[in-house]
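Letter by letter, the chains look like this.
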Amino acid sequence: MDSTPFDFLDHAEAELAAMEYDPTSTGVPRREFMFRSLVMAAASTFGVRSLGAQSPQAYFDATAGVWSGMLPVQPPAQQEPVALGNGEAPALQFMPYPEGTGALMERMVAKHGAKAFTRSTFVVEPWVGAAPASPDDLAFLPAHRIAALIKARKITSRQITDIYLERMERLNPTLNCVVTLMKESARAEADAMDKELAAGKYRGPLHGVPYGIKDLFATKNAPTSWGSPDFKDQQFDYDAEIVVRLRNAGAVLLAKLATGLFAQNDWWYGGRTNNPWNLNIGSSGSSTGPGSATAAGLVAFSIGTETQGSIVSPSIRNGISALRPTYGRVSRHGGMVLSWSQDRVGPMCRTAEDCAMVFNVLHGVDPKDASTVTTPFTFDRNIPLAKLRIGVDSAAPPELVDKLKALGMVPKPIGARPTVAGMGGGGLNAEYAAAFDSFVQRKAKEYNLDLNALPARPATGPGANAPFGNTPPARPKGINEGDTNPMAAADWNPRFVGGRSIRAFDFVNNQRRRLLLVQKWGEFMKDLDGFIGGPNADVGPNAQTGHPCAVLPYKFDVPQFGFGGQRGNDSTPAPTYKAQPICGVITGNLYNDDIILSVAHQFQKATDIHRRRPAL
């Protein structure tokens, strides 16, 4: 008669009973031990003792190799998560082109061939006549004119560098736009550029041209504070990619310029940075130092960043020209991160041509920043406006539109821009929170706070600046104890803490709606090269879509800034302002950075508003 599995089980039970099985001797419960016996008995048909096991432990040892491959593998001991700082990027990557970056590359190759990935040559128009004799006249020249003077050897890099360094030392107590003045390294770089030029080596248009950079980019030879007292002594052992590119192009770094605390507003740990045209108001932010320094003639050009308005706003406030590039055209490597999907880097200058000259060096793929792409950029000093498709909104500045029409532009009326309901901020707070998680946790430990049980912060009155926004050393220069702290909105609570409670699927759904917005804007812009709207009207949506814009002064008038600060009470008189350049914005279709700068240049060739200087 054939045996059944139950016969084997009965036999195994009998053998184990005879062995007086004790689970404490093997560490395996009797029920599991019996199961193992049954399976082994069924597999071998020989039973427990056939394996040479004279005891339960011996049996367990004899079958250990079999069971190690059959039972679930025990997970390793819990390990601490890999520590993350501010810069490590997530695996997800925002793509502004509605059909994706792959489709963009195919389109570029089909249209331009290999030239799509070849950087164009920017040629500086020669200087005619003698160089200005006045240091002030030299200081306020557009960067491309300084470049022409250096190339023609009518001035030296050291000469213009010393002019700017002297102006910084003299005017910074008034403007408060310089965080770190880099005198020794700047003079050394300028001297090196002069020696190269004398030896016949010319690096290009930026050879020997001095500039300043927002103090959130890493530099080996100077601290990078991010505008915060917690990081005012922070040192990096590398240079940000744009610092490397500018150095290789011959530009001379003069100073680290102020950024609002953690890239928000015009307040940093040294106090408020001021508008050189109207010293009773801040220079806006967060590229507050670049805006102020460029308008005041302390640099030939500067580098700012934008997540949601931080190039556009200070450029408008200080009356200068600027480019907020298409998302992904300039590397952010080495810069402080607020938002991996929105942060951008761009030039802040005195003219649109300056912006084109600088951008021509900055743009292009960087393997250290996965968001970057290379697309064609060709600045056209004589672009035919009549051939362009420029939309005009009813809120567009008439002075800007009328002049461009006189120069040949045929405007196309446009209506309201596309929107997608339910997007909120598109997940920006979640990115803030992730980028500054390590900082928030450090501060929470410092103040013995439970991040899962934080009390609500009052909007005004006692506690409005809690827990540490108005306590030394975080309280900024010029703010007394008990005063409203203008830096509080950029403080880690709630800006960096609020995003910690956003649900993951809400964040993902916001990004799905964001793609819908990108697609709707793609449809809206399909028959436009660019458009002119209200100066700040499209900053928010274009922070989500990645579109570029050029800022340019279009008239000289008394600005309408409102208070630009905190009111002590309702009887506080409103400030009065002096006339200054008033700016408009030209928004471009994706990757049309060259077109919108070329259009702005046509306006500036026919006007002189950008040549006005503040009285300091």
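Our subject is the structure that appears above.
Residues numbered from 1 in each chain as written. Predicted model: local features only at pLDDT ≥ 70, side-chain atom pairs only at ≥ 80, totals over all residues. Heavy atoms only, no water.

Participant: Mind showing me how you'd approach the overall build of the chain here?
Facilitator: A tally of regular secondary structure across the chain gives 21 helices and 13 strands. Looking at the chain as a whole, 54% of its 616 residues qualify as buried. Nonlocal contacts in the chain, meaning residues at least 24 apart in sequence, comprise 75% of its contacts between residues at least 6 apart. Approximately 27100 Å² of the chain is accessible, and the part contributed by carbon and sulfur atoms is 55%. (Helix = DSSP H or I, 4+ residues; strand = E, 2+ residues; numbered from the N terminus. Buried < 20%, exposed > 50% of the residue type's maximum accessible area, 1.4 Å probe, protein only. Contact = heavy atoms within 4.5 Å. Areas by Shrake-Rupley, 256 points an atom, 1.4 Å probe, with all protein chains shown as cover.)

Participant: Explain the packing of aromatic side chains to me, please; I cannot follow it from the model alone.
Facilitator: How two aromatic rings sit relative to each other is set out by the distance from centre to centre and by the angle between their planes. Counted according to the given criterion, the structure contains 21 aromatic pairs. Consider the rings of Trp226 and Phe231, whose centres lie 4.8 Å apart with planes at 40 degrees: the pair is tilted. The two residues Trp226 and Phe231 agree in class, both being buried. Note on Phe262 and Phe496: the rings are 5.6 Å apart at their centroids and 65 degrees apart in plane angle, and the pair reads as edge-to-face. (Phe/Tyr/Trp six-rings, centres within 6.5 Å; stacked < 30°, edge-to-face > 60°.)

Participant: Just to check I follow, could you spell out the pattern of salt bridges for this structure?
Facilitator: One side chain can pair with another of opposite charge once the charged atoms of both are near each other. In total, this model carries 30 salt bridges according to the counting rule given. Arg158 is the salt-bridge partner of Asp162, the closest N and O atoms lying 3.0 Å from each other. Of this pair, Asp162 and Arg158 both sit in helix 9 (residues 157-175), four residues apart, which is roughly one turn of that helix. What makes Asp162 partly exposed here is its relative accessible area of 26%. Using a relative accessible area of 28% as the deciding quantity, one classes Arg158 as partly exposed. Between Arg170 and Glu166 there is a salt bridge, and its shortest N-O distance comes to 2.8 Å. Note that Arg170 and Glu166 are positioned in helix 9 at a spacing of four residues, about one turn of the helix. Judged by relative accessible area, which is 38%, Glu166 ranks as partly exposed. Linked through salt bridges whose partners overlap, the residues forming this network are Arg158, Asp162, Arg187 and Asp191. (Salt bridge = Lys/Arg side-chain N within 4 Å of Asp/Glu carboxyl O.)

Participant: Which parts of the structure should I look at to understand the environment of Glu241?
Facilitator: Relative to the assigned elements, Glu241 resides in helix 11 (residues 241-248). Of the residues examined, Glu241 reaches a relative accessible area of 11% and is grouped as buried. Considered as a pair, Glu241 and Lys368 are 127 residues apart in the sequence and their alpha carbons are 8.4 Å apart. Every residue in contact with Glu241, bar those within four places of it in the chain, is listed here: Ser331, His333, Asp366 and Lys368.

Participant: Teacher, can you tell me more about the packing of helix 14 (residues 352-362) against helix 21 (residues 593-605) here?
Facilitator: Packed helices, taken two at a time, are described by the angle their axes make and the gap between the axes. Two numbers describe how helix 14 lies on helix 21: the axes approach to 8 Å, and their chain directions differ by 150 degrees. It follows from the interaxial angle that helix 14 and helix 21 lie roughly antiparallel. In contact with Ala352, Glu353, Cys355, Ala356 and Phe359 of helix 14, helix 21 contributes Asp593, Leu597, Ala600, His601 and Gln604. (Axes fitted to C-alpha atoms, helices over the stretch in contact; angles between N-to-C directions. Parallel < 35°, antiparallel > 145°, perpendicular 65-115°, else oblique.)

Participant: Just to check I follow, could you spell out the sheet that holds strand 2 (residues 210-214) for this structure?
Facilitator: In a beta sheet, neighbouring strands are held together by backbone hydrogen bonds and run either parallel or antiparallel to one another. If you walk across this open sheet you meet the eleven strands as 1-3-2-6-8-7-12-13-11-9-10, and the pairing is mixed. Unpaired on one side and paired on the other, strand 1 (178-181) and strand 10 (412-413) mark the two borders of the sheet. Examined bridge by bridge, strand 11 (residues 530-532) and strand 13 (residues 580-588) share three bridges and lie antiparallel to one another. The residue of strand 13 that forms the bridge with Phe531 is Thr587. Against the sheet, helix 11 engages strand 2, strand 6 (301-306) and strand 8 (344-349), with an angle of about 175 degrees to strand 2. (Pairing = 2+ DSSP bridges.)

Participant: Help me out: how do you make sense of unusual backbone geometry in this one?
Facilitator: Peptide bonds are trans in most cases, and residues, glycine excluded, mostly fall at negative phi. Omega for the bond connecting Gly285 with Ser286 falls within 30 degrees of zero, at 10 degrees, which places this linkage in the cis form. Although it is not a glycine, Asn176 sits at a positive phi angle of roughly 55 degrees. With relative accessibility at 14%, the residue Asn176 sits in the buried group. Although it is not a glycine, Trp226 adopts a positive phi angle of roughly 60 degrees. Within the secondary structure, Trp226 sits in the loop between strand 2 and helix 11. Looking at Trp226, the relative accessible area reads 7%, which means it is buried.

Participant: Is there a simple way to explain helix 8 (residues 143-151) in this structure?
Facilitator: Since the α-helix packs 3.6 residues into each turn, any two residues three or four apart lie on the same face. Counting buried residues along helix 8, eight of its nine residues qualify, which places the element largely inside the surrounding structure. Structurally, helix 8 contributes buried residues whose contacts are with helix 7 (135-139), helix 9, helix 10 (183-198), strand 6 and helix 14. Arg153 sits one or two positions beyond helix 8 and adopts a positive phi of about 60 degrees.

Participant: Hey, could you run me through the nonpolar core in this one?
Facilitator: Across soluble globular proteins, nonpolar side chains have a tendency to be buried as a group. Core analysis: the largest hydrophobic core is formed by 108 residues, its most contacted members being Leu246, Phe301 and Ile303. If one sorts the elements of this core by residue count, helix 14 sits on top with eight residues. Listed in part, the 13 residues of the second largest apolar core include Ile316, Ile320, Val539 and Val551. (Core = buried A, V, L, I, M, F, W, Y, C linked by side-chain atoms within 4.5 Å.)

Participant: It is not clear to me how the pairing of strand 12 (residues 549-557) should be interpreted in this structure. Could you clarify?
Facilitator: Two faces belong to every sheet, and in a regular strand the side chains alternate between them. In this sheet, strand 12 lies alongside strand 7 (residues 321-324) in antiparallel orientation, the contact comprising three bridges. Note on strand 12: the bridge partner recorded for Ala322 is Val551. Alignment of strand 12 against strand 13, held across eight bridges, turns out to be antiparallel. For Lys555, the partnering residue across the bridge sits in strand 13 and is Ile582.

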